[in-house]
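Overview (structure and organization)
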Amino acid sequence: MSSDIKKYLYILTTGPEIAYRAASPFFLATTAALMDHDVSMVFTIRATGLLKRGVAEELTVKEGGDGARLQFFIDQARDAGVKFFVCAPSLDLNDCTLDDLIETEGVVGGSAVNEMALEADVVISF
Amino acid sequence: MADVEGCNIPEDRYYWIEKHVWAKPEGEYIMVGLTDVAQSLAGKIIVVNLKAAGKTLARGKSGGTLESGKWVGSIPTPVAGEVIEVNAAVKSHPSLVNEDPYGEGWLLKVKPNNWDEDAKALETGEEGVHAYREKLVHDGIHCRA
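First, a word on what this report is: a plain description of the structure on this page. (Residues numbered from 1 in each chain as written. Chains lettered and ligands numbered in written order. Predicted model: local features only at pLDDT ≥ 70, side-chain atom pairs only at ≥ 80, totals over all residues.)

A word on the overall build of chain A. Scanning chain A from N- to C-terminus turns up five helices and five strands. Helices (α) and strands (β) of chain A occur, in sequence order from the N terminus, as β-α-β-α-α-β-α-β-α-β. At 14 Å, chain A has a C-alpha radius of gyration in line with the 14 Å of a compact globule built from 126 residues. In terms of principal-axis extent, the alpha carbons of chain A reach across some 45 × 30 × 20 Å. For chain A, buried positions account for 39% of its 126 residues. The long-range share in chain A, meaning contacts at least 24 apart out of those at least 6 apart in sequence, stands at 71%. (Helix = DSSP H or I, 4+ residues; strand = E, 2+ residues; numbered from the N terminus. Rg over C-alpha atoms; globule rule 2.2 N^0.38 Å. Buried ≥ 20, exposed ≤ 12 C-beta atoms within 10 Å, placed from the backbone. Contact = placed C-beta atoms within 7 Å.)

Listed below in structure tokens is the structure:
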């Protein structure tokens, strides 16, 4: 990997219960990916709920705003090459299985998340 | 300046039409910017983030990003080489990209590795404008109402 390419890891913990917190992590991840960095997002605790099928299409980021839905930000991130990983224990916490989620790069356990953080140049948590 | 579907497409630029970026030789350097089409599609640009001078970019790699509200897009460079200078004015006044995309809204000055080779992959002159027109018509893009 070129020294110009940095590894960015975004760790999300907040889910659809606080809609206004949902979009920014995806936006930041997108900007990093569009600068040709290697960008991953890990969804844990309630954030896994953001990836449930049907949620992002309906989740309005700002009540009374321009009506932007979370799906726009997710699509933008995926188009830019951002990778999505789901924390395995959070699936049970959110009463779902991998099949209930939109396409991701897969599940990761606690050790893997720690390793990802260790290897990353930048870790940002939300 | 050719008016194509309401977009300004000057003949003196070299276009990477799919990416809506332009290049123009100036002495030993190549100026790079967004086309009028790109700025029109993007809407009001509020943030411009450019790679730093001294960075070496392969053709097609990101020379920076643009943000307009909730949208963010990359600036794929049409020419491989070293970034010699970035336009500091657009970083402090991003709307220059909207107002004057071929002039004060330029983005990067690049010292090319092999301009002759990169230029072969770009469209210019009357043929370039014609090719751009075909793209705009095909995609149903119109810059101004």
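Right, picking up where we left off after that structure.
Turning next to the overall build of chain B. The number of helices and strands found in chain B is five helices and 12 strands. For 145 residues, the compact-globule estimate of 2.2 N^0.38 gives 15 Å, and the C-alpha radius of gyration of chain B, at 14 Å, lies within 12% of that figure. Viewed in the frame of its principal axes, chain B has a C-alpha envelope of about 40 × 35 × 20 Å. Here the analysis covers contacts within chain B between residues at least 6 apart in sequence; of these, 64% occur between residues at least 24 apart.

With that out of the way, let us pick up the nonpolar core. Grouped together as the largest cluster of nonpolar side chains are 72 residues, with contacts concentrated most on A:Ala29, A:Phe43, A:Leu70, B:Val32 and B:Leu107. When residues of this core are assigned to their parent elements, the largest contribution, six residues, is made by helix H1 (residues 23-34) of chain A. Contacts of B:Leu107, omitting those with residues within four sequence positions, involve B:Val32, B:Gly33, B:Leu34, B:Leu50, B:Gly63, B:Gly64, B:Ile75, B:Val86, B:Asn87 and B:Val90. (Core = buried A, V, L, I, M, F, W, Y, C linked by C-beta atoms within 7 Å.)

With that settled, consider the pairing of strand S11 (residues 108-112) of chain B. Residue and element names in this part refer to chain B. As defined by bridge partners, strand S5 (residues 29-34) adjoins S11 across three bridges and the pair is classed as antiparallel. Bridge pairing in S11 links isoleucine 30 to valine 110. As paired strands, strand S10 (residues 81-86) and S11 are joined by five bridges and run antiparallel to one another. Residue pairing across strands places glutamate 82 opposite lysine 111, the latter belonging to S11. (Pairing = 2+ DSSP bridges.)

Attention now goes to unusual backbone geometry. All names here are of chain B. Its identity is not glycine, yet glutamate 5 carries a phi of approximately 55°, on the positive side. Within the secondary structure layout, glutamate 5 lies in the loop between strand S1 (2-4) and strand S2 (7-9). Its 18 C-beta neighbours within 10 Å are what place glutamate 5 among the partly exposed residues. Although it is not a glycine, histidine 20 adopts a positive phi angle of roughly 60°. Tracing the chain through its elements places histidine 20 in the loop between strand S3 (14-16) and strand S4 (21-26). Histidine 20 sits in the buried class, given 24 other C-beta atoms within 10 Å.

The next point concerns the interface of chain B and chain A. With eight residues of chain B in contact, the opposing surface of chain A contributes 11 residues. Elements represented by at least two residues in the side of chain B that touches chain A include exactly strand S8 (62-68) and strand S9 (71-76) of chain B. At three residues, S9(B) tops the list of elements feeding residues into the side of chain B that touches chain A. Residues that form the side of chain B that touches chain A fall into these classes: one nonpolar, four polar and three charged. (Nonpolar A, V, L, I, M, F, W, Y, C, P; charged D, E, K, R; others polar.)

Residues and elements named next belong to chain A. Pairing within the open sheet is parallel, and its five strands lie in the order S4-S3-S2-S1-S5. Each of the sheet's edge strands pairs with one partner strand only, and the pair in question is strand S4 (107-108) and strand S5 (122-125). Pairing geometry for strand S2 (residues 38-43) and strand S3 (residues 83-87), over four bridges, is parallel. Within S3, the residue paired with serine 40 across the bridge is lysine 83. H1 rests against strand S1 (7-12), S2 and S5 of the sheet, and its axis sits at about 170° to S1. (Axes fitted to C-alpha atoms, helices over the stretch in contact; angles between N-to-C directions.)

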